[in-house]
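# Coordinate analysis (summary)
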Amino acid sequence: MHRRLALAAAAALCGTLVLSACSSDGGSGDSAKAASGPVKLTFWSWAPNMDKVAEVWNKANPDIQVSVLKQAGGDDLVTKTITAAKAGNAPDLIQAEYQALPTLVSNDVLADIAKQAGSAKGQFADGVWKQVTLGSDAVYAIPEDTAPLAFYYRQDLFQQYGLKVPTTWDEFAATARELKQKAPEKALTTFSANDPGLFAGLAQQAGAKWWTASGDKWSVAIDDDATRKVADFWSGLVKDGAVDNQPMYTPAWSKALNDGSQLGWVSAVWAPGVLTSSAPDTKGKWAIAPLPQWQAGSSVTGSWGGSATGVTTGAVKSGHADAAAKFASWLNTDPAALEALVKEVNIYPAATSAQTGSLLSAAPDFFTNQPDFYAKAAEIAKGTAPAAWGPNVNVAYSAFKDAFGKAAQDKGAFAPALTAMQQSTVEDLKKNGFQVAG
Amino acid sequence: MSSTTTAAPGRTLRPSAPAPGGTPGNPMGPPRRRTAWTPTLLLLLGAVYCLVPLVWVLTAATKSREELFSTFTYAPGSGFWNNLAELSSYRGGVYWQWMANSALYAGVGALLSAAVSGVTGYALAKYRFRGRSAVFNVLLAGVLMPPITLAVPQYLLMSKAGLADSYLSVLLPSILSPYGIYLSRIYAEAAVPDEVVEAARVDGAKDWRLFRSVALPMMVPGLVTVFLFQFVAIWNNFLLPYIMLGDDHKFPVTVGLYSLLQQGSNEPAMYTLVITGALLSVLPLIALFLGLQRYWRVDLLSGAVKS
């Protein structure tokens, strides 16, 4: 009984501490910095060498100095950023993945910079630009890099087993089965239940729009026909054992890529980076091909990842929004910045001018066998289907991991997993006070 | 609110303390009794189970980037020195900065924590005052509260005080350790006999001198334990520094290695560096344990009264 009392007391104490901490945001640092000297901006980014790109800017702009604070990327960074913004400590600029933008906007982290940077629109593909406007007139970030999906395959092994590079998903399934017959211990690829990003990209290609907003109502269509088609396709392959079902990015998976037991990989344009570290022995043996299509002759692809540079509401409060927006659009549209981004940070730029220009004329080191790597990539990128993200992508993604993880392991049907994903996403939206249609 | 409940753990501590020393010369067991194989085997299995991941880290750290995923898991590779050099040169040696930060957070934090725990534990054990059990019960509740749940509230508090993203923001929350105070109280109860305290008081010692010269020396083994616990806890802490710190030059090694692992997908992942870094980050803990081991063995000899 004493213990219960003490616990209650402790809980009450902690509760009041939290409340008192929450109730007074703003305050610190609102006005003090505007006094004199150069404007100092902080930029949270996870990309290595981003500080070197900022150096280029700092040299040319003594009145606006940007310092890059390197962060660990991933889902946790979104949480960290939101927490920091709530406490009034958000940096002026942040790098954020496209799917995180609605979450950040609905938590009032990102500022609308349409006035300062709206003119950058012409530099980007429509589908990409839509992701940073969330379909409204506002501009919440400037696109930095994109990641269109493609099919990577082992040129040498395809030849050895007499396989043709599949152009449609039907051919893809046939190729997977053919390979299993010829070499039962090999697999064309794996369906990893740990990577909702890839699945979301594949669903995009099939025409799915998981989140759409009209007025202030959200609709969720994760359990729609297009997504179901993709899910059924992969669950069929996994069930028959035509493709592997082990998760990606594990040592076992790396080994399979490296020793050739996995011949292909559906991945994005950043795959060379991963292959370099995961499958070093296969250098010069891979090739990039367009993603297989649902309809022969079309050229649609989805995307897996990619990020944008946003200006925070904290920067607006401290009067640095203009400077920050200036830097954000310089970083992602200026030729000098794009060159530094490609060379130092190793990204695939979102600006269309940089995708086809001389910047990416040489193929990545790992693909020396395919000199036109980036020309092919740019061709594939043209068909990128627009993505539609909502304010709780993280919830949908963790529901994916739970439901698909189990289904993939049991080699069961994926359709019930989709229903579960849909349900928990809608429930979470409602719980957080969003209006949900239907 | 009675204090009898809290005295009980103090009493149980004593009999359990001599256990490591064993009871030499006990004639109970005749010499020809055979070794009990089942428990030995189980213990060996347990040891292997604990050591396998360590051995993996050890061998994986010796592999070069090319060897890491392509050679047999437990076969040592040839890239250790190269990994070490690469790790040291990454971003101008930021790894060693992380190690130094960790040493600072854990070293200073654990030292202060042991000091606070020692004083508090002693006071709770040896003084009678109003609300004593209430304070102790709140502390007990604090032991039950996982530190992770406090990370975000602490962050909000710190940022209100203008201390977010500073060394102090990680150091301050780790000073108060409910578990350390709990341990210290029990230890003071058991190791500092009331008779000695009374004797010193009769000799004219004031409270502070009583603590400094009489109680503290007797409590050293307990405080060493508190220091070790806190050191390990702070060294391994991830969430608090992750949320508190924005500048990667202030990161402790845990958060630093995590940021190495989460580079973003267009970069080759730095597995070999992370593994080598992880291996190095364990060494200080091992050294500390080996170095401080003897201090908490003297436990038995620290009593001053035969009872």
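Please refer to the structure higher up on the page.
I will try to describe carefully the structure that is included in this document. (Residues numbered from 1 in each chain as written. Chains lettered and ligands numbered in written order. Predicted model: local features only at pLDDT ≥ 70, side-chain atom pairs only at ≥ 80, totals over all residues. Heavy atoms only, no water.)

## As for the packing of helix α8 (residues 169–182) of chain A against helix α10 (residues 225–239) of chain A
Residue and element names in this part refer to chain A. Running from N to C, α8 and α10 point in directions that differ by 10 degrees, and their axes come no closer than 11 Å. With respect to their mutual orientation, α8 and α10 come out roughly parallel. On α10, the residues touching W169, F172, A173 and R177 of α8 are F233, W234, G236 and L237. Per-class residue counts for the contact of α8 with α10 are six nonpolar, one polar and one charged. (Axes fitted to C-alpha atoms, helices over the stretch in contact; angles between N-to-C directions. Helix = DSSP H or I, 4+ residues; strand = E, 2+ residues; numbered from the N terminus. Parallel < 35°, antiparallel > 145°, perpendicular 65-115°, else oblique. Contact = heavy atoms within 4.5 Å. Nonpolar A, V, L, I, M, F, W, Y, C, P; charged D, E, K, R; others polar.)

## Brief notes about the pattern of salt bridges
Pairing is possible between side chains that carry opposite charge, provided their charged atoms lie close to one another. Tallying each qualifying case throughout the model produces 15 salt bridges over all chains. Notably, a salt bridge pairs A:D223 with A:R228, separated by 2.8 Å at the nearest N-O pair. The closest approach of N and O atoms between B:D207 and B:R201, which form a salt bridge, is 3.6 Å. Accessibility expressed as a relative area gives 41% for B:R201, which makes it partly exposed. One continuous salt-bridge network, built from bridges that share partners, spans A:D51, B:R91 and B:D248. (Salt bridge = Lys/Arg side-chain N within 4 Å of Asp/Glu carboxyl O. Buried < 20%, exposed > 50% of the residue type's maximum accessible area, 1.4 Å probe, protein only.)

## Regarding the side chain of B:S64
All names here are of chain B. Take S64: it is sitting in the loop between α2 (37–61) and α3 (80–89). Look at S64 and you get buried, because its relative accessible area is 14%. If we skip the residues at most four places from it in the chain, S64 touches G79, N83 and T272.

## What to know about the nonpolar core
Counting 197 residues, the largest nonpolar core has A:W210, A:W234, A:W265 and A:F404 as its most contacted members. Tallying contributions element by element places helix α18 (residues 393–410) of chain A first for this core, with nine residues. When near neighbours in sequence (up to four residues on either side) are disregarded, A:W234 contacts A:W169, A:F172, A:T189, A:F191, A:L202 and A:F414. One finds B:Y122, B:L210, B:A215 and B:M218 within the second-largest nonpolar core, a separate group that totals 17 residues. (Core = buried A, V, L, I, M, F, W, Y, C linked by side-chain atoms within 4.5 Å.)

## A word on the pairing of strand β7 (residues 217–220) of chain A
Residue and element names in this part refer to chain A. The alternating pattern of β7 places W218 and V220 on a buried face, while none of K217 and S219, on the opposite face, is buried. Note: strand β6 (residues 211–214) against β7, four bridges, orientation antiparallel. Within β7, the residue paired with S214 across the bridge is K217. In this structure, the hairpin formed by β6 and β7 is closed by a connection of two residues, where G215 is found at a positive phi of approximately 65 degrees. (Pairing = 2+ DSSP bridges.)

## With respect to the sheet that holds strand β1 (residues 39–45) of chain A
Residues and elements named next belong to chain A. Strand order across the open sheet formed by five strands is β2-β1-β3-β10-β4, with mixed pairing between neighbours. Edge positions in the sheet fall to β2 (64–70) and β4 (142–145), since each of these pairs with one other strand and no more. Direction aside, the axes of adjacent strands within the sheet are offset by 30 degrees on average. Bridge count between β4 and strand β10 (residues 307–311): three bridges; the pairing is antiparallel. Residue pairing across strands places D145 opposite S307, the latter belonging to β10. Here helix α2 (residues 50–60) sits on the sheet and contacts β1, β2 and β4; the angle it forms with β2, its principal contact strand, is near 175 degrees.

## Considerations on the packing of aromatic side chains
How two aromatic rings sit relative to each other is set out by the distance from centre to centre and by the angle between their planes. All chains considered together, the criterion is met by 54 aromatic pairs over all chains. Summarising the aromatic geometry, the rings of A:F151 and A:F172 are spaced 5.6 Å apart at their centres and angled 80 degrees between planes, so their arrangement reads as edge-to-face. Taken together, the residues A:F151 in strand β5 (residues 149–154) and A:F172 in helix α8 connect sequence positions 21 residues apart. Assigned by exposure class, A:F151 and A:F172 land together as buried. Centroid distance A:F233 to A:W234: 5.5 Å. Interplanar angle 90 degrees. Geometry classified as edge-to-face. For the pair formed by A:F233 and A:W234, the shared burial category is buried. Here the guanidinium or amino end of B:R185 rests over the ring plane of B:F136, the centre of that ring lying 4.1 Å away. (Phe/Tyr/Trp six-rings, centres within 6.5 Å; stacked < 30°, edge-to-face > 60°. Lys NZ or Arg CZ within 6 Å of the ring centre and 35° of its normal.)

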